[in-house]
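# Breakdown of the fold
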Amino acid sequence: MTVERIVRTVAETSLEVREGLAGRRGYEDEENPSGEKQLAADLWADELFEERLLDIESVAAYASEERSGVVEAERTSNGDGRYHVAVDPLDGSSNLRTNNAMGVLLGVYDSPLPARGRDLVASAYVLFGPLTTMVVAVDGSVTEYVLERDGKSVEMRTVTEELTLPDEPTVYGFGGRVPDWPAGFENYAREIETELKLRYGGAMIADVNQVLTYGGVFAYPGLESRPEGKLRLQFEGNPVAHIVETAGGRSSDGERSLLDVTPERIHQRVPVHVGNTRLIDRLEATLGN
Ligand code: AHM
Ligand code: MG
């Protein structure tokens, strides 16, 4: 019930964020803790999620890609404070300028942050495409909803229950520049590009949503110039790994499930590979593990 409330709050807040993007497409004079320039929309969405999520009694703490520390809830009432939420308020926000897909990522952990992916009790993303959809992994199953405003309330209309990855993979999308890929990953990519169709849009959740829909593999690998890759473990790697694994697929940092990576810092980066099990098994074999 309380996890449901967190998910619903993120659904409602995400629609509000989507509706307020138009006037917030410009860069501010600020950087996030990963050293990336922030848009007015990044800062605004972060504040909105902080306010709405810390208002829920069972939420003990809020962390986001857009701020350095973890914000603990200040409680005067008897909240059980069991859940620690990690949010990427706008995943793929550089797509705002070009009006391409983007959205919101949520991880609900039952341990203090930074936490292991195994400590996720729920994870979700909201995708701002032609429709607003939400994919939620909780209690061992994945559900896809369409979010629609109905007067003042938000309807979460179920479109797919027990979502699983299709057996026959079709698409792939790999981030980073090719000359910056380590030899092992480049070898893997050379094989995959002869078998699958390229789909890469620059917003992880949109690219992962294609993998969930058509089967395939998404990766933002470790790079020569940055072996830890680009994506953040708490806010991006863990939640998508939890969703894809719950949908019957696999995740890997190159050696092990992302859910087994030990977190050391809240903004720690990690190489991300998710998709059909046999494609991720092959990746690990090609990387030499
Ligand atoms: P963001 O959360 O600040 O938008 O950054 C993460 C995004 C991912 O959604 C996406 O996979 C990646 O960065 C795209 O990076 P690139 O522009 O290097 O392809
Ligand atoms: Mg992101």
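This structure is a prediction, so every number in the text was calculated from the model and none was measured.

On to unusual backbone geometry. The phi torsion of most residues other than glycine is negative, and most of the peptide bonds are trans. Cis peptide bonds are those with omega within 30 degrees of zero, and the linkage from Leu113 to Pro114 qualifies with 0°. Inspection of the secondary structure assignment puts Pro114 in the loop between strand S6 (102–109) and strand S7 (120–128). Phi is positive for Asn99, close to 55°, though the residue is something other than glycine. Here Asn99 shows up in the loop between helix H3 (95–98) and S6. Overall, the presence of 9 C-beta atoms within 10 Å leaves Asn99 in the exposed class. Even without glycine at this site, Asp139 takes up a positive phi of about 50°.

This paragraph deals with the site of ligand 1. Taken together, 13 residues are adjacent to ligand 1, and Asp91, Gly92, Ser93, Gly175 and Met204 come closest. Taken together, the residues that form the shell around ligand 1 break down as three nonpolar, five polar and five charged. When residues of the shell around ligand 1 are assigned to domains, at least three map to each of domain 1 (2–160) and domain 2 (171–288).

This part covers the sheet that holds strand S11 (residues 171–174). Read from one edge to the other, the open sheet built from five strands follows the order S12-S11-S13-S15-S14, with strand pairing classed as mixed. The strands lining the two open edges of the sheet, one partner per strand, are strand S12 (197–198) and strand S14 (250–252). In this structure, strand S13 (residues 216–220) lies alongside strand S15 (residues 272–275), joined through four bridges in antiparallel fashion. Residue pairing for S15: Phe218 is matched across the bridge by Val274. Lying over the sheet, helix H7 (residues 277–286) contacts S13, S14 and S15, oriented at roughly 25° with respect to S14.

The next subject is the UniProt feature "domain: Fructose-1-6-bisphosphatase class 1 C-terminal" (unreviewed entry) in the protein. Feature annotation in UniProt places "domain: Fructose-1-6-bisphosphatase class 1 C-terminal" (unreviewed entry) on residues 165–286, given in this structure's numbering. Annotation note: span residues 165–286, helix share 39%, strand share 15%, distance between end C-alpha atoms 22 Å.

Moving on: the domain arrangement of the protein. Assigned domains of the protein: these are domain 1 (2–160) and domain 2 (171–288). The gap between the C-alpha centroids of domain 1 and domain 2 is 22 Å. Counting from both sides, the interface comprises 36 residues of domain 1 and, opposite them, 30 residues of domain 2. Residue assignment for the side of domain 1 that touches domain 2 shows that the elements contributing at least two residues are strand S3 (59–64), strand S5 (83–91), S6, S7, strand S8 (132–138) and strand S9 (141–150). Residue contributions to the side of domain 1 that touches domain 2 peak at five residues, all from S6.

The sites that carry the UniProt feature "binding site: substrate" (unreviewed entry) are, in the present numbering, Asp91, Gly92, Ser93, Ser94, Tyr200 and Lys230. Checked against the element boundaries, Ser93 lands in the loop between S5 and H3. Residue classification places Ser93 among the buried residues on the basis of 25 C-beta atoms within 10 Å. Ser93 has contacts with Leu39, Ala41, Asp42 and Met102, leaving out every residue within four places of it along the chain.

Basis of the calculations
- Residues numbered from 1 in each chain as written.
- Chains lettered and ligands numbered in written order.
- Predicted model: local features only at pLDDT ≥ 70, side-chain atom pairs only at ≥ 80, totals over all residues.
- Helix = DSSP H or I, 4+ residues; strand = E, 2+ residues; numbered from the N terminus.
- Buried ≥ 20, exposed ≤ 12 C-beta atoms within 10 Å, placed from the backbone.
- Near = placed C-beta within 6 Å.
- Nonpolar A, V, L, I, M, F, W, Y, C, P; charged D, E, K, R; others polar.
- Domains from an automatic or database assignment.
- Pairing = 2+ DSSP bridges.
- Contact = placed C-beta atoms within 7 Å.
- Axes fitted to C-alpha atoms, helices over the stretch in contact; angles between N-to-C directions.
- UniProt positions renumbered as here; feature names shortened; annotations may be inferred.

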